[in-house]
Amino acid sequence: MTKRTMDYENLPTGGDYDALPAGNYEMVINKVEERATKSGAESLQLDLVIRNDLDKAPDLSETNAKYHNRHVFVDNWKRHATGEYDADHLDIIMKAAGFPDHKSYDFPDEFISFLYHKPVRVKLSNEDNTYKGQTTKVNRAAPWDFGETEFPQLQHQWKKSNDADGQRSGSSNPFGASKQPADPFAGNGEAIDVSDDDLPF
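Residues numbered from 1 in each chain as written. Predicted model: local features only at pLDDT ≥ 70, side-chain atom pairs only at ≥ 80, totals over all residues. Heavy atoms only, no water.

Asks: Sorry, what's going on with the pattern of salt bridges here?
Replies: Pairing between side chains of opposite charge can happen when their charged atoms approach one another. Applying the stated criterion across every chain, the model contains eleven salt bridges. Among the salt bridges present, the one from glutamate 33 reaches lysine 31, with a minimum N-O distance of 3.7 Å. The exposure class of glutamate 33 is partly exposed, given its relative accessible area of 23%. In this structure, the salt-bridge partner of glutamate 62 is lysine 66, at a minimum N-O distance of 2.7 Å. Connected via shared salt-bridge partners are Glu26, Arg51, Asp53, Asp59, Arg121 and Glu150. (Salt bridge = Lys/Arg side-chain N within 4 Å of Asp/Glu carboxyl O. Buried < 20%, exposed > 50% of the residue type's maximum accessible area, 1.4 Å probe, protein only.)

This is the structure:
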């Protein structure tokens with residue numbers, strides 16, 4: 001058992017979770033997972049974290065330095081017409097993360113494993129999003145907005161609750177990184193609620 005002494009003066013304050021300013025951000029892919037809406041639309045969602053090891057980079061003073069550790073979620077939806085993901089879009093993301101040209105991988109398992117904790121550069125835009133009559137600004141990033149990082153030496157410091165070294169007992173990965181850590185953002189097991197009108201196709 002551990003004894004803790006309260007110190008209210010040093011409690012962290014709530015963050016501002018409005019949409020981030022548009023621009024280029026150096027990010028690390030925290031995880032990738034398949035998700036589905038209640039209507040059955042399926043997506044591969046990338047959970048991106050703004051790197052906290054680049055606060056001193058001059059061209060990132062208005063992006064990484066101000067917003068490090070923020071999460072941005074990017075969905076890649078299956079197409080209605082084919083019931084498949086757009087292979088070209090997935091390949092662009094893999095290229096940005098440094099996957100070797102002309103090498104094969106099993107989808108989706110090795111796709112998910114390879115992207116785990118890989119650094120990428122992402123150009124975020126702002127768009128209006130209307131949901132249940134309320135319009136807010138949200139961040140968007142298309143696959144072609146992903147590029148190779150300009151800072152390949154990743155020194156991002158993960159919060160203690162995150163699996164910083166990518167190791168988990170009992171898991172293996174042919175690309176040298178382990179499977180995903182326990183999800184600190186896991187919901188209650190219910191599917192996410194997105195209508196077909198919310199989808200970009």
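Asks: Is there a simple way to think about the environment of glutamate 150 in this case?
Replies: For glutamate 150, the position within the fold is in the segment after β6 (146-147). Linking glutamate 150 and glutamate 26, residues 124 residues apart in sequence, is a C-alpha distance of 7.9 Å. In this structure, glutamate 150 is in contact with Glu26, Asp59 and Arg121, ignoring residues within four places of it in sequence. (Helix = DSSP H or I, 4+ residues; strand = E, 2+ residues; numbered from the N terminus. Contact = heavy atoms within 4.5 Å.)

Asks: When you look at the pairing of strand β4 (residues 119-131) in this model, what are you seeing that I'm missing?
Replies: Consecutive side chains along a regular strand alternate between the two faces of the sheet. Pairing analysis gives six bridges linking strand β1 (residues 23-36) to β4, with the strands arranged antiparallel. When the bridges of β4 are listed, tyrosine 25 appears paired with valine 122. In this sheet, β6 lies alongside β4 in antiparallel orientation, the contact comprising two bridges. Paired with arginine 121 across the strands is glycine 147, a residue of β6. Where β4 and strand β5 (residues 134-140) come together, seven bridges link them in antiparallel fashion. (Pairing = 2+ DSSP bridges.)

Asks: Would you mind showing me how to read helix α2 (residues 87-96) here?
Replies: Counting along an α-helix, one turn takes 3.6 residues, and residues three or four places apart therefore face a common direction. Taken residue by residue, α2 has His89, Leu90, Ile93, Met94 and Ala96 as its buried positions. Projected down its long axis, α2 carries its buried residues within an arc of 165°, all on one side. Seen from the buried face of α2, the exposed residues on the opposite side, beyond 90 degrees, are Asp88 and Lys95. The secondary structure elements touched by the buried residues of α2 are β2 (42-50), β3 (71-77), α3 (109-115), β4 and β6. N-cap assignment for α2: the residue whose side-chain oxygen lies 3.0 Å from the backbone N of aspartate 88 is aspartate 86. Glycine 98 lies just past α2 and shows a positive phi near 95°. (Arc of directions from axis to C-beta. Polar contact = N/O pair within 3.5 Å; in protein donor to acceptor, adjacent residues only side chain to side chain.)

Asks: Please explain the nonpolar core as it appears in this structure.
Replies: Among the nonpolar cores identified, the biggest contains 27 residues, and Met27, Leu115 and Phe146 are the most heavily contacted of them. When contributions to this core are tallied by element, the ones reaching two or more residues are β1, β2, β3, α2, α3 and β4. Here methionine 27 is in contact with Leu48, Val49, Ile50, Arg51, Val72, Lys118, Pro119, Val120, Val122 and Leu124, once residues within four sequence places are set aside. (Core = buried A, V, L, I, M, F, W, Y, C linked by side-chain atoms within 4.5 Å.)

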